Amino acid sequence: MPRTALRVCPLCEATCGLTLTVEETGVTAARGDKDDVFSRGFICPKGASFGAADSDPDRLRGPLVRRDGRLEEASWEEAFDAVSAAVRPLVERYGPHAVGVVLGNPNVHTVAGALYPPLLLAGLGTRSLFTASTLDQMPKHVSSGLLFGDALAIPVPDLDRTDHLLMLGANPLDSNGSLCTAPDFPGRLKALRARGGRLTVVDPRRTRTAKLADRHVAIRPGTDALLLAAMAQVLFADGLVALGALDGQVVGVEQVADAVRDFTPEAVADACDVPAATIRELAHELADAPTAAVYGRVGASTVALGTLTCWLVDVLNVLTGNLDRPGGAMFPLSATDRARRPAGPGKGFALGRWRSRADGHPEAKGELPIAALAAEIDTPVRGVGAGRGSVGGGADGGPVDGGADGGGPVGGGPGGGAVDGGLTDGGLGESPIRALISIAANPVLSAPDGDRLDKALESLDFMVSVDPYLNETSRHAHVVLPPPPPSQSPHFDFALNALAVRNQARYNRAVVPLEAGRMAEAEILARLVLAVSDGGPPCSSGAESLGEHGADPAAVDALAIDRTLGKAVADPHAPVHGQDPKELADRLTGESGPERRLDLMLRLGPYGDGFGADPEGLSLQRLLDHPHGIDLGPLEPRLPQLLKTRSGRVELLPGPIADDLPRLARALDESRAPDGAPAGLVLVGRRHLRSNNSWMHNVPALVGGTNRCTLHVHPDDAGRLGLVDGGQARVTAAGGEIAVPVEVTDAVRPGVVSLPHGWGHDRPGTRLSVAAADPGANVNQLLDGTLLDPLSGTAVLNGFRVTLAPLSRAETR
Ligand SMILES: Nc1nc2c(c(=O)[nH]1)N[C@H]1C(S)=C(S)[C@@H](COP(=O)(O)OP(=O)(O)OC[C@H]3O[C@@H](n4cnc5c(=O)[nH]c(N)nc54)[C@H](O)[C@@H]3O)O[C@H]1N2
Ligand SMILES: Nc1nc2c(c(=O)[nH]1)N[C@H]1C(S)=C(S)[C@@H](COP(=O)(O)OP(=O)(O)OC[C@H]3O[C@@H](n4cnc5c(=O)[nH]c(N)nc54)[C@H](O)[C@@H]3O)O[C@H]1N2
Ligand code: SF4
Ligand SMILES: [Mo]
């Protein structure tokens, strides 16, 4: 008998509520849940394929362990024994930072990915953390850290109320939105226009989103920072700066006026290839709109001036008085938000507290650039005898504050809340990375220079992948721990609710019971924490131990709960101040450790019942009683309470930004330099509605048709270079060359070519039968990993130079 079950879709950031049809065989259909408080029935083709993605026969069903070089099926016990036997000795011998952790994008879509990585990092004490954030939104974290004192305080456009949206480098009609969780983003944009609002899209490609806009500005890639600086210059020059309610809450406005003085529209017009008059109009339209929001995403982030661009986005929001006001750019307040502190000065945001060993890249938000992962593995550290690495900075590497009590990662790429122990030597010890723990990540395809990373991963002493697939990255692991499919997993959006255009909360239990032989991802990660922890005290405060390999994984959750409650009862602003933590712990409900942790976070959160302080407030039980979710209302102003800068104000021109401004000036000079050579081509990415980074090319219903790895080339460039539609091209750049089919289209501007990422499924040793049949080429092989936005360590994935040549049929093999 088929039944239906509700489940929020984990396949992108839009978090649509789905109504699933469940039969004996699993999920057989998915439609939009009309009663979902947030998504109101919206669904996209990916969500509609939930069942197919969920029941993909290539998903691994049990752990794999490498024996004599081959990955073989093993029991869970054998798998965790292998992890424990390998990792602890490496930590003891080479120090904690010799164990790297890689966290990939799907961690923001799983309960386990939110709750356990901080504990894993704490258990290891490692600072070798790499996440998808440095392929994505780290510039925004850095900008927010500097402006607001909190890297996780990311304003989102108040989509449903704004009168004017200026969107740069985002294509929500295909991506469904990012760092702005909004189910039915397309419908919300149409509603904006229907109510008389205005949409401007800045994108070198005429995307589906651009086609919907009132105005499309086909900017030259990588120059958005110049455009935005010129808009700011116009605001100052034309007397359009109006802070409104922000007056008195912002420092550094005059310094910004000085900083942008030379970036007049006329000065930047050629570099951006946008007429000066248009730039003036953009500034005036923004200032004149009753409310407006500036929003930049991947194309404004993964560029050489990424942090400056993200900063200027919010500078414009501030200068026009739109930050933190309805209809402007606002800060969501999620149900599990931890903020209870009163307004006032905070600790601020530090960058570069340690550096990568091989190339000296500064950390940002506790992370090192994932583009530098291969180098951190394959570069011997100077002056150290082979095999004799000593531990540097290990003792004070003791962790954790971050995240044991939740909050979890945020954003399109996850962040783990890394180790933040008062660091004095700034080092990572003397050993390169020898072991790697990769959770929900496929950097061989997602990050620059997969060929080098392939070799580096192969050279590791030990690697574990928590991944449902044997793919380009996990094939290198010594142990693969596969999580169950989404239908067998619970769902709560710890990360994405903090980025949602409406405050709301929804929780789903697994819709299908765990299949025999499977282990919940929460338990996998909890056991992993135990397997790599030494059983000693995990933090310098001398708190209780995490336990050790083989212990009951419930102990991990119990410890996290103890820590959170310990802090809460000591906090005069918490509703449970002064109460008995043991007694509070006993009152938590939930069927599992993760559910009890969610209950705790909800009850202590801003809408929580405070363990009785507000009987109407949120708890796990209340969410279970409302399966379509609970609406918590439109976004509300949150300043100054959320600011954690040292001044307690918005710091509009932070030091590290000021120090980076010379690069902006240089970008202008370079664009003016007479080139001589024919105009160079630059490459940008693109996403397809039926795709999702590197891991959904194995679902037959989603691939094929227009979802292919083709190179978009403008007709003028194609003609000049002798490329024909349907022919092949060789694309060459610093990191290598690839061969790809050409699609001639004027959807890209002249001088720009576009390739999607996540392809290149032709490596041996994977188990991706559908993807391997039409593998595509890996665009990231064109990169050598050296092009980064220096402030954030984010890889330049958009707007890098390439050369093209036609390939004859013979050359294409
Ligand atoms: N050139 C170029 N490169 C890019 C981008 C670009 O625009 N251009 N975009 C970048 C961006 S924004 C991002 S976020 C990164 C993403 O890069 P990654 O973080 O590497 O993410 P994916 O490629 O999505 O790979 C996700 C992995 O998680 C696994 N997985 C899926 N579901 C689950 C689950 O429930 N649990 C676990 N444990 N694992 C799961 C998949 O099998 C896959 O191995 O790629 C980046 N790379
Ligand atoms: N269907 C689908 N949905 C997805 C994903 C997916 O792979 N497929 N991935 C998910 C993830 S991890 C993320 S982070 C989000 C990303 O969501 P979005 O940020 O909306 O990402 P994209 O669709 O890559 O849009 C980026 C746009 O920037 C443009 N661009 C490139 N360079 C520049 C530039 O220099 N300036 C300007 N102004 N524009 C530029 C590109 O042409 C492209 O249209 O999507 C998520 N949703
Ligand atoms: S838009 Fe995103 S969350 Fe909604 S159904 Fe599609 S993939 Fe799922
Ligand atoms: Mo992303």
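Cut-off values and rules
Residues numbered from 1 in each chain as written. Chains lettered and ligands numbered in written order. Predicted model: local features only at pLDDT ≥ 70, side-chain atom pairs only at ≥ 80, totals over all residues. Heavy atoms only, no water. Near = heavy atom within 4 Å. Polar contact = N/O pair within 3.5 Å; in protein donor to acceptor, adjacent residues only side chain to side chain. Areas by Shrake-Rupley, 256 points an atom, 1.4 Å probe, with all protein chains shown as cover. Nonpolar A, V, L, I, M, F, W, Y, C, P; charged D, E, K, R; others polar. Domains from an automatic or database assignment. Helix = DSSP H or I, 4+ residues; strand = E, 2+ residues; numbered from the N terminus. Pairing = 2+ DSSP bridges. Axes fitted to C-alpha atoms, helices over the stretch in contact; angles between N-to-C directions. Contact = heavy atoms within 4.5 Å. Buried < 20%, exposed > 50% of the residue type's maximum accessible area, 1.4 Å probe, protein only. Buried area = accessible area lost by both parts, 1.4 Å probe.

Caption draft 1: Structural detail: the site of ligand 1. What surrounds ligand 1 is a group of 28 residues, the closest being Asn105, Asp467, Asn471, Glu521 and Ser694. Here an oxygen atom of ligand 1 and a backbone polar atom of Asn442 are 2.8 Å apart. Measuring from a nitrogen atom of ligand 1, one finds a side-chain N or O atom of Asn780 at 2.7 Å. About the coverage of ligand 1: the protein hides 96% of its 920 Å² of free accessible area. Considered class by class, the residues forming the shell around ligand 1 number 13 nonpolar, 11 polar and four charged. Lining the shell around ligand 1 are residues from two domains, each supplying at least three of them: domain 2 (64-135 + 349-485 + 518-535 + 559-634) and domain 4 (672-812).

Caption draft 2: Expanded view of unusual backbone geometry. Cis geometry is adopted by the peptide bond preceding Pro640, which originates at Leu639 and carries an omega value of 0°. By secondary structure assignment, the location of Pro640 is in the loop between β21 (630-634) and β22 (650-651). Here Arg40, not a glycine, exhibits a phi torsion of approximately 50°, which is positive. Within the secondary structure, Arg40 is located in the loop between β3 (26-32) and α1 (45-48). The backbone of Lys365 shows a phi angle near 55°, a positive value even though the residue is not glycine. The topology assignment puts Lys365 in the loop between β14 (329-330) and α16 (373-378).

Caption draft 3: Spatial organisation of the sheet that holds strand β11 (residues 215-217). Here we have four strands laid out as an open sheet, ordered β11-β10-β9-β13, and parallel in their pairing. The open sheet is flanked by β11 and β13 (293-296), the only strands paired with a single partner. In this sheet, neighbouring strand axes are inclined to one another by 15° on average, regardless of whether the strands run parallel or antiparallel. With five bridges connecting them, strand β9 (residues 164-168) and strand β10 (residues 198-202) associate as parallel partners. Its bridge partner lying in β10, Leu166 is registered against Thr200. Taken strand by strand, helix α13 (residues 276-288) contacts β9, β10, β11 and β13, and its axis lies near 130° from that of β11.

Caption draft 4: Summary view of the environment of Arg340. Among the structural elements, Arg340 can be located in the loop between β14 and α16. When the C-alpha atoms of Arg340 and His714 are compared, they prove to be 53 Å apart, with 374 residues separating the residues in sequence. In this structure Arg340 touches Asp571, His573, Ala574, Pro575, Leu604, Gly605, Pro606 and Gln641, once residues within four positions along its chain are discounted.

Caption draft 5: Inspection of the pairing of β3 at higher detail. Of the pairings in the sheet, the one linking strand β2 (residues 17-23) to β3 comprises six bridges and is antiparallel in character. Paired with Thr19 across the strands is Arg31, a residue of β3. Here β2 folds back onto β3 in antiparallel fashion, the turn holding two residues.

Caption draft 6: Structural detail: the environment of Val234. On the secondary structure map, Val234 appears in helix α10 (residues 224-237). For Val234, a relative accessible area of 0% corresponds to the buried category. In this structure Val234 touches Gly239, Pro265, Arg280, Ala283 and His284, once residues within four positions along its chain are discounted.

Caption draft 7: Fine view of the domain arrangement of the chain. Domain boundaries in the chain define domain 1 (3-54), domain 2 (64-135 + 349-485 + 518-535 + 559-634), domain 3 (139-344 + 646-658) and domain 4 (672-812). Computed over C-alpha atoms only, the centres of domain 3 and domain 4 are separated by 28 Å. Taken together, the contact between domain 3 and domain 4 spans 28 residues of the former and 24 residues of the latter. Summing both partners gives a buried area of about 1900 Å² for domain 3 against domain 4, and 56% of it is carried by carbon and sulfur. Considering only the side of domain 3, the residues that lose the most area to domain 4 are Arg205, Arg206 and Thr302, jointly responsible for 30% of the buried surface there. Linking domain 3 with domain 4 are eight residue pairs in polar contact (both at pLDDT 80 or more).

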